Amino acid sequence: MKVLDKEFRVSIPEAEILKQVARVASEINRDYEGESPVFLAVLNGSFMFAADLLREITLPCEIHFVKLASYEGVNSTGKIHEILGLSVDITNRPVIIVEDIVDTGLTMAHMLETLEKHNPKSVNICTLLLKPEKLKVALDIKYRALEIPNDFILGYGLDYDQLGRNTRDIYTVVE
Ligand code: IMP
């Protein structure tokens, strides 16, 4: 598949994604038994993951959508923005961040820092994808569906210059 100037190939098919999403959901269902967590899904990249994850969650829960730092092209910009759209009161509530991908980890580190100011009961990260070799900061990522190598990927919500979010499979750039 060609997107703008780059060629991509399927690297994680839909069936494998959904299997791992269901696994992560069952871990959350187990760990949060008796609780009513607030899921905070980070737009835009996590919209598909959030939809599939929440369909597997059997707990009484809320989901809210927030926006964060932008990501331009194939390199993390390192730009940090505030959390937009956090209209729910998370004081003393268990929060689960739903993120598409943790790359350097800077985005999530910043989000954790900001959320802590609202005094939640707890905050855990649930990411669809993790590039372990690229992590730059110490980050406790409790829930991760898939670990991938450093290559740039798109699909299933993730984009390349805003394109490619609408595929069922995940694609890796062909160098
Ligand atoms: P971090 O702050 O470096 O961890 O970057 C996290 C953000 O970068 C994610 O929320 C994505 O929006 C974006 N990102 C990182 N790697 C990729 C990729 O391979 N494809 C698409 N977006 C990516």
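In the block above lies the structure referred to throughout.
About the thresholds
Per chain, residue numbering runs from 1 following the sequence as it is written. In keeping with the predicted nature of the model, local features appear solely for residues at pLDDT of at least 70, side-chain atom pairs appear and are counted solely at 80 or more, and the whole-chain, interface and lining totals rest on all residues. Side-chain figures throughout are based on the complete set of non-hydrogen atoms in the structure, without hydrogens or water. Paired strands, in this sense, are two strands between which DSSP finds at least two bridges. A run of H or I in DSSP counts as a helix once it spans at least four residues, and a run of E counts as a strand once it spans at least two, with each numbered from the N terminus. For helices, the axis comes from a line fit to the C-alpha atoms of the stretch in contact; other axes are also lines fit to C-alpha atoms, and the angle between any two N-to-C directions lies between 0 and 180 degrees. Residue contacts are defined here by distance: any two heavy atoms, one from each residue, within 4.5 Å place the two residues in contact. For each residue, the test is whether any non-hydrogen atom lies within 4 Å of the molecule or strand; if one does, the residue is near. Residues adjacent in sequence count toward polar contacts only when both atoms are side-chain atoms; beyond that, a polar contact is any pair of N or O atoms within 3.5 Å, and within protein one must be able to donate a hydrogen and the other to accept it. Only the protein chains shown count as cover for residues, with accessible areas throughout obtained via the Shrake-Rupley method and a probe of 1.4 Å. Amino acids are sorted into nonpolar (Ala, Val, Leu, Ile, Met, Phe, Trp, Tyr, Cys and Pro), charged (Asp, Glu, Lys and Arg) and polar (every other residue, Gly among them). Salt bridge, as used here, is a side-chain nitrogen of Lys or Arg placed within 4 Å of a carboxyl oxygen of Asp or Glu. In this scheme, a residue with accessible area under 20% of its type's maximum is buried, one over 50% is exposed, and one in between is partly exposed, where area comes from a 1.4 Å probe on protein chains only. A pair of Phe, Tyr and Trp rings is counted when the ring centres sit within 6.5 Å of each other, with Trp represented by its six-membered ring. The angle between the planes then sorts it: under 30 degrees is stacked, over 60 is edge-to-face, the rest tilted.

Colleague: Just checking my understanding: could you explain the sheet that holds strand β4 (residues 62–67) for this structure?
Modeller: Each strand in a sheet pairs with another by means of backbone hydrogen bonds, the pair being arranged parallel or else antiparallel. The sheet built from five strands is open, its strands ordered β4-β3-β5-β6-β7 with parallel pairing. Whereas interior strands pair on both sides, the edge strands pair on one side only; in this sheet they are β4 and β7 (143–147). For this sheet the average axis-to-axis angle between neighbouring strands, irrespective of direction, equals 20 degrees. Along the sheet, helix α3 (residues 106–116) makes contact with β3 (38–43), β4, β5 (94–102) and β6 (122–130), crossing β5 at roughly 165 degrees.

Colleague: Whenever I open this one, the site of the ligand confuses me. Can you help?
Modeller: Inspection of the region around the ligand gives 16 residues, with Thr104, Gly105, Thr107, Lys131 and Ile153 positioned closest. Glutamate 99 is positioned with one of its side-chain polar atoms (N or O) 3.1 Å from an oxygen atom of the ligand. Considered on its own, the ligand offers 500 Å² of accessible surface; in the complex 93% of this is hidden by protein. Sorting the residues of the shell around the ligand by element identifies β5 and α3 as the ones contributing at least two each. Per-element accounting of the shell around the ligand gives the leading share, four residues, to β5. For the shell around the ligand, the per-class residue count stands at seven nonpolar, four polar and five charged.

Colleague: I'm lost on the pattern of salt bridges in this one. Help?
Modeller: A side chain of one charge can pair with a side chain of the opposite charge if their charged atoms are brought near each other. Tallying each qualifying case throughout the model produces 11 salt bridges. Arginine 93 is the partner of glutamate 62 in a salt bridge, and the nearest nitrogen-oxygen pair spans 2.9 Å. Within this pair, whereas glutamate 62 is found in strand β4, its partner arginine 93 is found in the loop between β4 and β5, the two being separated by 31 residues in sequence. Take arginine 93: its relative accessible area is 21%, and that puts it in the partly exposed class. Two residues, aspartate 159 and arginine 165, come together in a salt bridge whose shortest N-O distance is 3.5 Å.

Colleague: Would you explain the packing of aromatic side chains in this entry?
Modeller: Remark: the centre distance and the inter-plane angle together describe each pair of aromatic rings, the angle taken between the planes. Across all of its chains, the model carries three aromatic pairs by this definition. On the numbers, 6.1 Å between centres and 50 degrees between planes, the contact of phenylalanine 8 with tyrosine 160 is tilted. Of this pair, phenylalanine 8 sits in strand β2 (residues 6–12) while tyrosine 160 sits in the loop between β8 (153–154) and β9 (170–174); the two residues are 152 residues apart in sequence, bridging distant segments of the chain. Overall, the relative accessible area of 2% leaves phenylalanine 8 in the buried class. On the basis of relative accessible area, tyrosine 160 is assigned to the buried category, the value being 6%. Measuring from ring centre to ring centre gives 5.7 Å for phenylalanine 152 and tyrosine 160, while their planes differ by 70 degrees; the resulting arrangement is edge-to-face. This pair shows no difference in class: phenylalanine 152 is buried, exactly as tyrosine 160 is.

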